[in-house]
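# Fold and geometry: a report
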Amino acid sequence: MTDRGEDILQQRLAKLERIRQRGINPYPPRYCKTHTAQKATALFEGDPDNERLMVSVAGRIIAKRGMGKVTFLHIKDGSGKIQAFLKKDLLGEDEYAFFKDFDIGDFIGIDGRLFKTNTGEITVEAHKITMLTKSLQPLPEKWHGLTDVEKRYRQRYLDLISNDDIQAIFRVRSRVITTMRRLLDERSFIEVSTPILNPTAGGALAKPFVTHHNTLDRELFLRIATELHLKRLIIGGLDRVYEIGPIFRNEGISTKHNPEFTSMECYEAYADYNDIMANVENMISAIATEVLDTTTTEFNGEVIDFKAPWKRIELRQAIIEYGGIDFEEYADTKELGKKMIDMHIEVDKRMGRGNLIDKLLSTYVEPNLIQPTFLLDYPLEMSPLAKKKPDDPRFVERFEAFAGGMEIANAFTELNDPQDQRERFAEQLKLRQAGDEEAEMPDEEFLTALEYGMPPTGGLGVGIDRLVMLLTGQPSIREVILFPQLKTK
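Just so it is clear, the model here is predicted, and its values are computed rather than measured.

## Description of the environment of I370
- Here I370 is to be found in the loop between α12 (353-365) and β15 (373-379).
- Assessed through its relative accessible area of 23%, I370 is described here as partly exposed.
- C-alpha separation for the pair I370 and K128, spaced 242 residues apart in sequence, amounts to 56 Å.
- Discounting chain neighbours no more than four positions away, the residues touching I370 are E302, I304, A403, G404 and G405.

Structure (structure tokens):
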């Protein structure tokens, strides 16, 4: 006994064979389309009394209903959908009969005249129909769309076909990136490309993916950040650089994390973290306005307003306010870890002091930062690439931006003292040797570059995926990544 899907496949294969027996290629190489569905509709609306508006439109059949000698259908292209009207007397008996072998899901071309039906719908009266692609698999059930979340992610093409709101999300994503790129270009930043495969994985505290290059017979790492290469370009005299592209981190999967995500990193000579802070709030406010026509968005039931200026609060003060603990009272790592265990926070004995403070941040502070907020001045242990504060070397000039209860940006006044940087890398190496797989890897090539001199510099990383989540109101990062990582089926 065959299942329904196999039965439909066999029926469509039989139709495909009948089309070929007519001497018709069911997969022709081209079709001369004159208008999209949207433009054809606009053409009629601009001249509704003209009875000789001829168009050639093309798209996927998404609905079809026959009534004897006439058939109505809807076809959909990238701009939207439009109705078509097929009449036996107009097409001729043979061509109308030929249409019986067309199914929902097929791509067709229609040449004909625009008119408006009695129900007020702009329609193409078909004078000729052309098979463009025969679909062998049925689309998801018409009235329910594709609601199986796992299938939506694994077969994103079906999700895009079935759910118009999903297409809208990725159109917003595209506009976010385009607008961000334009704003940076207008400020004389240069877009560059840096390596994805690296001999060391530096620029962030994260566990990398490891691969092997056969010819070189060496291990390489997928980049966990673009920072160290971009700063080499600052050293080389490119004063403002940025890159938008994929980052890879061998970490868990959650509603906020995907092992591959998109980041924008930019570096600006002669700027510090205060300059970068102002740029972030202005840039994201401008992006929201461009994409949404407003600075406000709704996320997880909260209205978030990206209008500048954003709230600013020191990290230490935020942890005291939301967690009731001052980590500066526990200078010893073991003491701080013991206190956190007493507070019923899960602690790994391999965690360094920086990781412990980050745990306090993620546990107590991050969930409370709904409105856009800058957390300022991080402990030295958390930031091996940031410059110390001149008035208090226990802390560095660093901020993270939060909104909707999650981090969306990270920035430093960049450390440009090569001796200090070497010492920081040495401390990170000790943590790595003690079992911390996320500790920063020393990068000798970067240290050599830094010894040639890097001007005072401000650096920034923005998580594109999370920003799109906020602007589209999506609670899961998988909804804004076309092909998210999934468990083995």
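Having seen the structure, we can now continue with the description.
## What about the packing of aromatic side chains?
- Going through the model one piece at a time under the given rule, you end up with 8 aromatic pairs.
- An angle of 40° between the planes, with centres 5.0 Å apart, marks the rings of F99 and F102 as tilted. Taken individually, F99 and F102 each receive the classification buried, so the pair is uniform in this respect.
- Ring centres of F306 and W310 lie 6.1 Å apart, and the angle between their planes is 50°; this geometry places the pair in the tilted category. For the pair F306 and W310, one class covers both residues: buried.

## As for the pairing of strand β12 (residues 296-299)
- Alternating positions in β12 separate cleanly, T297 and F299 being buried on one face and T296 and E298 remaining unburied on the opposite face.
- Looking at chain direction, β12 and strand β13 (residues 302-305) are connected through 4 bridges and run antiparallel. Each bridged residue has a counterpart across the sheet, and for T297 the counterpart in β13 is I304.
- Linking β12 to β13, which pair antiparallel, is a turn of 2 residues; within it N300 sits at a positive phi near 50°.

## With respect to the sheet that holds strand β2 (residues 70-77)
- Spatial ordering of the closed barrel is given by β1-β2-β3-β5-β4, a layout of 5 strands whose pairing is mixed. Strand-to-strand, the axes of this sheet are offset by a mean angle of 55°, without reference to chain direction.
- Pairing of β2 with strand β3 (residues 80-87), which is carried by 8 bridges, proceeds in the antiparallel orientation. In the strand pairing of β3, H74 is matched with Q83.

What counts and what doesn't
- Every residue gets a number counted from 1 within its own chain, in the order that chain's sequence is written.
- Whole-chain, interface and lining totals are the exception, using all residues; otherwise, since this is a predicted model, local features are given only for residues with pLDDT of at least 70 and side-chain atom pairs are given and counted only at 80 or more.
- The side-chain values count all of the structure's non-hydrogen atoms but skip hydrogen atoms and water molecules.
- Helix numbering and strand numbering both begin at the N terminus, where a helix is a DSSP run of H or I of at least 4 residues and a strand a DSSP run of E of at least 2.
- For the exposure calls, accessible area comes from a 1.4 Å probe over protein chains only, and a residue counts as buried if that area is under 20% of its type's maximum, exposed if over 50%, partly exposed in between.
- Contacts are assigned to residue pairs with any non-hydrogen atoms lying within 4.5 Å of each other.
- Note on aromatic pairs: the rings of Phe, Tyr and Trp (six-membered ring only in Trp) are paired at centre separations within 6.5 Å, and the planes decide the class, stacked below 30 degrees, edge-to-face beyond 60, tilted for the rest.
- Each pair of strands is called paired provided DSSP finds at least two bridges between the two strands.
- For helices, the axis comes from a line fit to the C-alpha atoms of the stretch in contact; other axes are also lines fit to C-alpha atoms, and the angle between any two N-to-C directions lies between 0 and 180 degrees.

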